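# Summary of structural features
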Amino acid sequence: MKNLLKLSIMLAALLVLTGTNTVIAQEAVVSSSIEAGVSANISASALPGNINVDPPPYFVQTLPLQTYMNNNTNAVFVGGNGAVLNETSNFGVTGHSSPNFLAYNPGAQNSDGSIPALPAIIYFPNPVNNVSMLAGAGSTTGTVILAALDASFAVVAFDVKTITPAMQLLSVTWNPGIQAVVVVGNFTSANEWMVLDNLRFQDGGCTLGIDSDNDRLDDCYETNTGVYVSPTDTGTDPLNPDTDGDGIKDGDEVLGTLSNLDLPGMGANPLRKDIFIEYDWFIDSLDCANHSHRPSVNAVNMVAQAFANSPVLNPDGTTGITLHNDRGQGGLFTGGNLINDADGVLTGGVNSPEFMSHKAANFASNRHGYFHYCILPHRYNTNSSSSGQAELPGDDLIVSLQCFNSDTNVSHTIMHEYGHNANIRHGGNVNCNYKPNYNSVMNYKYQFPGVDNNCTPPGDGVLNYSIGDRIVLNENNLNENNGICGAPPWDWNGNTIIENGVAFNINSQDSGDCGGTFTTLTDYNDWANLSFTGLQDADGALPVPPEIIDCDNPAPEN
Ligand SMILES: [Ca+2]
Ligand SMILES: [Ca+2]
Ligand SMILES: [Ca+2]
Ligand SMILES: [Ca+2]
Ligand SMILES: [Zn+2]
Ligand SMILES: [Zn+2]
């Protein structure tokens with residue numbers, strides 16, 4: 001009995017599908033070319049168009065539902081010509097969601113002449129795992145069948161209910177994926193009326209077609225597990241458009257951007273912080289023999305290693321940040337290139353006309369908002385010995401090391417200038433420079449020597465930002481026993497005696513807001529405070545452009 005029933009459903013479905021296969025294909029193409037989605041919870045009361053406001057009670061006053069649904073990318077009504085009618089249309093059903101429903105009566109006609117008769121077919125361009133709806137009719141008898149079809153249009157699941165005036169739930173589940181459903185009547189009465197309502201389709205137990213955080217990833221696919229599996233199981237947070245907080249939206253990291261920047265191909269991970277920097281360089285013979293400012297593989301790898309080693313925690317449970325460097329090495333990283341410049345000097349600095357014209361000519365527009373842009377000239381002309389300049393916060397930076405382009409100088413200065421883009425100053429959150437207890441490449445004291453790793457003020461060659469673990473130093477009342485970590489001691493005033501209660505200016509090199517007076521100096525946790533908002537810099541288009549930091553710390557000779 002069941003097998004016979006199954007066979008008859010399949011035959012009915014195949015008959016219908018044979019006649020409408022081309023329609024299905026066309027509808028699918030039309031749908032996928034339209035961006036706007038419609039809520040997947042298609043209760044008849046939530047449909048677009050005038051039917052939403054005031055559906056008529058008679059078929060001749062309206063059009064088949066599929067006429068209104070052709071911009072729904074998730075469910076396409078391709079057969080049956082059912083129309084949305086008002087509940088006053090006398091179908092005698094109860095249990096539907098008021099005031100409308102989807103109605104069928106082969107004895108009637110829609111205003112376009114089509115006949116609203118079962119079977120109805122609903123096609124899902126993205127296969128779903130469950131489809132359910134209410135079905136019933138006031139004076140019709142027999143059974144109503146909801147059949148699920150797989151990608152080859154074979155019946156894979158079905159549900160049968162005796163037709164009653166009280167609408168009943170029909171539900172089919174097929175985890176490998178339902179491509180379409182067919183609603184068929186097996187009628188024993190003369191009339192073959194049918195009412196459907198409250199269509200729902202679900203994938204993995206949630207309703208498709210909703211993107212709550214507007215990051216181009218469906219809520220159903222943002223599984224919030226912290227584990228990336230695929231574009232339909234991303235592990236990201238459905239209520240956070242940038243789950244890992246790196247300034248790049250989840251959808252862009254998973255799917256690539258709308259302007260075809262292949263971020264996933266470049267290694268972006270929606271659950272781990274990523275930074276992208278493009279480097280363009282000058283070749284010149286200013287001040288010394290002809291030389292290139294192209295950063296070496298080793299130099300950019302040193303910076304990448306420092307970011308990878310950082311204590312920054314990611315949603316996938318890893319620590320560190322992935323720095324993607326484009327120095328024109330090939331593959332998807334062909335953005336970095338030589339800029340032909342006559343004199344080796346970048347006139348002005350970031351956002352100057354020369355910088356902007358180089359950027360317009362050498363930086364792909366679809367990288368804007370995703371990549372930082374670094375130019376390496378011989379120098380920029382606001383300060384002849386300056387090692388660099390950067391926006392704070394922002395997306396543009398300059399590394400200008402004149403004749404001193406060792407991998408150490410280049411890597412440390414890239415990390416220093418990027419730090420300004422990430423909203424970090426020469427004193428962390430303040431401009432106060434040369435603080436011996438601010439253990440960061442942002443600090444001139446540690447930019448080229450590298451940070452300290454044994455709790456004495458001289459740097460030890462380590463490329464790093466600060467983690468904020470050094471003690472507070474009050475220049476009016478220094479306890480030399482405590483050094484910069486609590487121990488070992490440090491003789492701040494150089495009198496060869498370790499004392500308590502010393503008053504001494506320990507960062508007198510600072511020419512800014514703290515070098516000339518005795519102040520209290522504090523460390524700053526750079527890693528915990530990196531800001532990624534600078535990517536959104538509008539490159540001079542904003543009424544208030546970003547602050548620009550000149551880094552007049554001259555590089556040591558190689
Ligand atoms: Ca989303
Ligand atoms: Ca999200
Ligand atoms: Ca992100
Ligand atoms: Ca990321
Ligand atoms: Zn040069
Ligand atoms: Zn600086």
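From a predicted model like this one, the values you see are computed outputs, not experimental measurements.

About the criteria used
Residues numbered from 1 in each chain as written. Chains lettered and ligands numbered in written order. Predicted model: local features only at pLDDT ≥ 70, side-chain atom pairs only at ≥ 80, totals over all residues. Heavy atoms only, no water. Donors = N, O, S within 2.8 Å, 3.2 Å for Na, K, Ca; no water. Buried < 20%, exposed > 50% of the residue type's maximum accessible area, 1.4 Å probe, protein only. Pairing = 2+ DSSP bridges. Helix = DSSP H or I, 4+ residues; strand = E, 2+ residues; numbered from the N terminus. Axes fitted to C-alpha atoms, helices over the stretch in contact; angles between N-to-C directions. Contact = heavy atoms within 4.5 Å. Salt bridge = Lys/Arg side-chain N within 4 Å of Asp/Glu carboxyl O. Phe/Tyr/Trp six-rings, centres within 6.5 Å; stacked < 30°, edge-to-face > 60°. Lys NZ or Arg CZ within 6 Å of the ring centre and 35° of its normal. Expected span 1.5 Å × (residues − 1). Polar contact = N/O pair within 3.5 Å; in protein donor to acceptor, adjacent residues only side chain to side chain. Disulfide = S-S within 2.5 Å.

## Details of the coordination of the calcium ion (ligand 4)
The protein atoms that coordinate the calcium ion (ligand 4) are Asp-244 (OD), Asp-246 (OD), Glu-253 (OE), Glu-253 (OE), Asn-269 (O), Arg-272 (O) and Asp-274 (OD), at distances spanning 2.2 to 2.6 Å. Expressed as a motif, the donor residue spacing for the calcium ion (ligand 4) is D-x1-D-x6-E-x15-N-x2-R-x1-D. Judged by relative accessible area, Asn-269 falls into the partly exposed class, the value being 23%. The exposure class of Arg-272 is buried, given its relative accessible area of 14%.

## Some thoughts on the sheet that holds strand E13 (residues 322–326)
If you walk across this open sheet you meet the six strands as E13-E10-E15-E18-E17-E21, and the pairing is mixed. The strands lining the two open edges of the sheet, one partner per strand, are E13 and strand E21 (547–551). Between one strand axis and the next, the sheet turns by 25° as a mean value, whatever way the strands run. Pairing of strand E15 (residues 371–376) with strand E18 (residues 396–399) involves three bridges; the strand directions are parallel. When the sheet's bridge partners are listed, Tyr-373 is paired in E18 with Asp-396. Contacting strand E10 (274–281), E15 and E18, helix H5 (residues 353–362) runs over the sheet at an angle of about 120° to E15. Packed onto the sheet, helix H6 (residues 407–421) meets E10, E15, strand E17 (388–392), E18 and E21 and runs at close to 155° relative to E18.

## With respect to the coordination of the calcium ion (ligand 2)
Looking at the calcium ion (ligand 2), one finds its protein donor set to be Asp-213 (OD), Asp-215 (OD), Glu-222 (OE), Glu-222 (OE), Asp-237 (O), Asn-240 (O) and Asp-250 (OD), positioned 2.1 to 2.8 Å from the metal centre. Mapped onto the polypeptide sequence, the residues donating to the calcium ion (ligand 2) form the spacing pattern D-x1-D-x6-E-x14-D-x2-N-x9-D. The calcium ion (ligand 1) is placed at 4.3 Å from the calcium ion (ligand 2), the two being bridged by Asp-213. Of this pair, Asp-237 sits in the loop between strand E9 (206–207) and helix H3 (250–255) while Asp-250 sits in helix H3, and the two are 13 residues apart along the sequence. Residue classification places Asp-250 among the buried positions, given a relative accessible area of 0%.

## Here's the deal with the pattern of salt bridges
Scanning all chains against the criterion turns up eleven salt bridges. The partner of Glu-278 in a salt bridge is Arg-367, and the shortest N-O contact between them spans 2.7 Å. In this pair, Glu-278 sits in strand E10 while Arg-367 sits in the loop between H5 and E15, placing the two residues 89 residues apart along the sequence. Owing to a relative accessible area of 0%, Glu-278 belongs among the buried residues under this scheme. Judged by relative accessible area, which is 6%, Arg-367 ranks as buried. Of the charged contacts in the structure, one is a salt bridge between Lys-359 and Asp-395, with a shortest N-O distance of 3.6 Å. You can see Lys-359 sitting in helix H5 and its partner Asp-395 sitting in the loop between E17 and E18, a full 36 residues away along the chain. With a relative accessible area of 0%, Asp-395 lands in the buried category.

## As for the packing of aromatic side chains
Scanning all chains against the criterion turns up twelve aromatic pairs. Between the aromatic rings of Phe-59 and Phe-91, the centroid separation amounts to 6.2 Å while the plane-to-plane angle is 80°, which identifies the pairing as edge-to-face. Residue Phe-59 is found in the loop between helix H1 (2–32) and helix H2 (65–68), and its partner Phe-91 is found in the loop between strand E2 (83–86) and strand E3 (100–104); the two are separated by 32 residues along the sequence. Both residues of the pair, Phe-59 and Phe-91, belong to the buried class. Pairing Phe-307 with Trp-527 gives two aromatic rings, centres 5.5 Å apart and planes at 90°, and the pair type is edge-to-face. Taken together, the residues Phe-307 in helix H4 (residues 297–308) and Trp-527 in helix H8 (residues 526–529) connect sequence positions 220 residues apart. A relative accessible area of 1% means that Phe-307 is categorised as buried. A network of ring pairs unites the aromatic residues Phe-59, Phe-91, Phe-101 and Trp-193 as a single cluster. Above the face of the Phe-363 ring, Lys-359 is positioned so that its terminal group lies 4.9 Å from the ring centre. The ring of Tyr-438 is capped by Lys-435, whose NZ or CZ atom sits 5.1 Å from the centre of that ring.

## Points about the environment of Ala-487
Relative to the helices and strands, Ala-487 is located in the loop between strand E19 (473–474) and strand E20 (520–521). On the basis of relative accessible area, Ala-487 is assigned to the partly exposed category, the value being 45%. Taking the C-alpha atoms as reference, Ala-487 lies 7.3 Å from Cys-455; in sequence the two are 32 residues apart. Ignoring anything within four residues of it in the chain, the contact list for Ala-487 reads Cys-455, Asn-481 and Asn-482.

## Here we look at H4
A turn of α-helix holds 3.6 residues, and therefore any two residues three or four places apart point the same way. Over its twelve residues, H4 runs 16 Å from end to end, which matches the ideal 16 Å to within 8%, given 1.5 Å per residue. Packed against the buried residues of H4 are E10, E13, H6 and H8.

## As for the side chain of Asn-553
Structurally, Asn-553 is set in the segment after E21. At 3.1 Å, the side chain of Asn-553 and the side chain of Gln-447 are in polar contact. Setting aside anything within four residues of it in sequence, one finds Asn-553 in contact with Ser-385, Ser-387, Tyr-434, Tyr-444, Gln-447 and Phe-448.

## A word on the state of the cysteines
The term disulfide refers to a covalent linkage connecting the sulfur atoms of a pair of cysteines. Under the defined criterion, the tally for this structure stands at three disulfides. A sulfur-sulfur separation of 2.0 Å characterises the disulfide bridge that pairs Cys-455 with Cys-485. When the S-S torsion is -90°, as for the bridge of Cys-455 with Cys-485, the disulfide is left-handed. Here Cys-485 lies in the loop between E19 and E20 and Cys-455 lies in the loop between helix H7 (444–447) and E19, a separation of 30 residues in the sequence.

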